[in-house]
Amino acid sequence: MAIVSRGFGSRRRESSPDLPPGQFLTTDFPVLSAGPTPDIDTDDWEFTIRTETGQAHTWSWEEFLALPAEDVSTDIHCVTRWSKLGTSWRGVSLDTLFEDVESSHDFVMAHSYGGYTTNVPLEDLLDGKAWIAYEFDGEPLEPEHGGPARLLVPHLYFWKSAKWVRGLVMQADDEPGFWEQNGYHLYGDPWREQRYW
Ligand SMILES: Nc1nc2c(c(=O)[nH]1)N[C@H]1C(S)=C(S)[C@@H](COP(=O)(O)O)O[C@H]1N2
Ligand SMILES: [Mo]
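Let me sum up the structure you'll find in this document. Bear in mind that the values here come from a model prediction, so they are computed numbers and not experimental data. (Residues numbered from 1 in each chain as written. Chains lettered and ligands numbered in written order. Predicted model: local features only at pLDDT ≥ 70, side-chain atom pairs only at ≥ 80, totals over all residues. Heavy atoms only, no water.)

### Quick look at the overall build of the protein
So the rule is basically this: Secondary structure elements follow DSSP: runs of H or I of four or more residues count as helices, runs of E of two or more count as strands, with numbering from the N terminus. As a reference, a globule follows 2.2 Å times the number of residues to the power 0.38, and the radius of gyration itself is taken over C-alpha atoms. In this tally, Lys and Arg are treated as positive and Asp and Glu as negative; His is ignored, and so are the chain termini. To locate a charge, take NZ of a lysine, CZ of an arginine, CG of an aspartate or CD of a glutamate.
Helix and strand content of the protein: four helices and eleven strands. The C-alpha radius of gyration of the protein comes to 17 Å, within 12% of the 16 Å expected for a compact globule of 197 residues. Each charge sign in the protein was given a centre, from 15 positive and 33 negative side chains, and these centres are 13 Å apart.

The following block contains the structure:
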């Protein structure tokens, strides 16, 4: 006869192999924003990838929605120690967006409406590792969570997943973005607890 207590169940979940060190599980979806939520009309929304040659690859909202989209189920990990397992998103793979982009630079600065920035190595955005997400749980992404669209780089701490993303700029060097200039780790791997530096 098996008696399964709640405590046992939650301890088992807390030691889930999917939970990086120093993280705890949450089932709600906290909002973490360094500033106010920008009000972005999809009629005005644009997403641009800029390279060192000055070339700009730009998509309007309509063009962006016409791109092939993927459903993504993934875990997310915030540096403030909450993790949420099995979240559901829909978005466009960065592999799709980079298809016609030619650059010899290895680093990317993500820029958001509102001024937020975060740096990511290009290889961390390619090969099925990152998306520009515009749905969460089958609904349009809520403004407070980054709608109309946000970067989703779930294998890095969630501050790398820039909300209200408006573009990516190719960079020769891995220059720090907003939180990285304020003490967060330059790379941010949750499995190596790269929180601050
Ligand atoms: N533009 C923008 N993107 C952002 C942030 C922000 O302040 N501004 N906060 C980051 C941080 S620290 C986290 S943990 C996640 C939080 O996303 P959520 O509010 O959807 O949970 O967004 C990241 N992306
Ligand atoms: Mo965060």
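What follows picks up the thread again.
### Observations concerning a negative patch on the surface
What counts here: Think of a patch as exposed residues, more than 30% relative accessible area, with no salt bridge, where like charges cluster within 9 Å and nonpolar side chains (Val, Leu, Ile, Met, Phe, Trp, Tyr) cluster within 5 Å. For the area figures, the Shrake-Rupley method with a 1.4 Å probe applies, and any residue is considered shielded solely by the protein chains shown. A carboxyl oxygen of Asp or Glu within 4 Å of a side-chain nitrogen of Lys or Arg is what we treat as a salt bridge.
Residues Asp-39, Asp-41, Asp-43 and Asp-44 make up a contiguous surface patch of negative charge. With respect to the helices, strands and loops of the structure, Asp-41 is situated in the loop between β1 (24–25) and β2 (46–50).

### Overview of the nonpolar core
Heads up, the rule is: Take the buried residues of types Ala, Val, Leu, Ile, Met, Phe, Trp, Tyr and Cys, join any two whose side-chain atoms come within 4.5 Å, and each joined set is a nonpolar core. Remark: exposure states derive from per-residue accessible area (1.4 Å probe, protein chains only) relative to the maximum for the residue type, with buried under 20%, exposed over 50%, and partly exposed in between. Only heavy atoms enter the contact rule, under which two residues are in contact if any of them lie within 4.5 Å.
Judged by nonpolar contacts, the single largest core of 35 residues is most densely connected at Phe-47, Phe-64, Leu-94, Leu-97, Leu-125, Ile-132 and Leu-168. Taken together, the elements giving at least two residues each to this core come down to β2, α2 (61–65), α3 (94–97), β6 (107–112), β8 (131–136) and β11 (165–171). Here the element with the most residues in this core is β11; it accounts for three residues. Ignoring anything within four residues of it in the chain, the contact list for Ile-132 reads Phe-47, Phe-64, Gly-91, Val-92, Leu-94, Leu-97, Ala-149, Arg-150, Leu-151 and Val-165. Within the second largest apolar cluster, twelve residues are counted, among which are Cys-78, Trp-89, Leu-141 and Leu-152.

### Section: the site of ligand 1
Heads up, the rule is: Nearness is judged by heavy atoms alone; a residue qualifies as near a molecule or strand once a single heavy atom is within 4 Å of it. Nitrogen and oxygen atoms within 3.5 Å of one another constitute a polar contact, given that in protein one can donate a hydrogen and the other can accept it, and given that sequence-neighbouring residues count only through two side-chain atoms. The nonpolar class holds Ala, Val, Leu, Ile, Met, Phe, Trp, Tyr, Cys and Pro. Asp, Glu, Lys and Arg form the charged class, and all remaining residues, Gly among them, are polar.
Around ligand 1 sit 19 residues, and of these Pro-30, Ala-34, His-145, Arg-150 and Lys-163 come closest. A distance of 2.9 Å separates an oxygen atom of ligand 1 from a polar atom in the backbone of Leu-32. In the model, a nitrogen atom of ligand 1 is placed 3.4 Å from a nitrogen or oxygen of the Ser-112 side chain. Protein contact buries 97% of the 530 Å² of open area that ligand 1 shows by itself. Within the shell around ligand 1, the residues separate by chemical class into 13 nonpolar, four polar and two charged.

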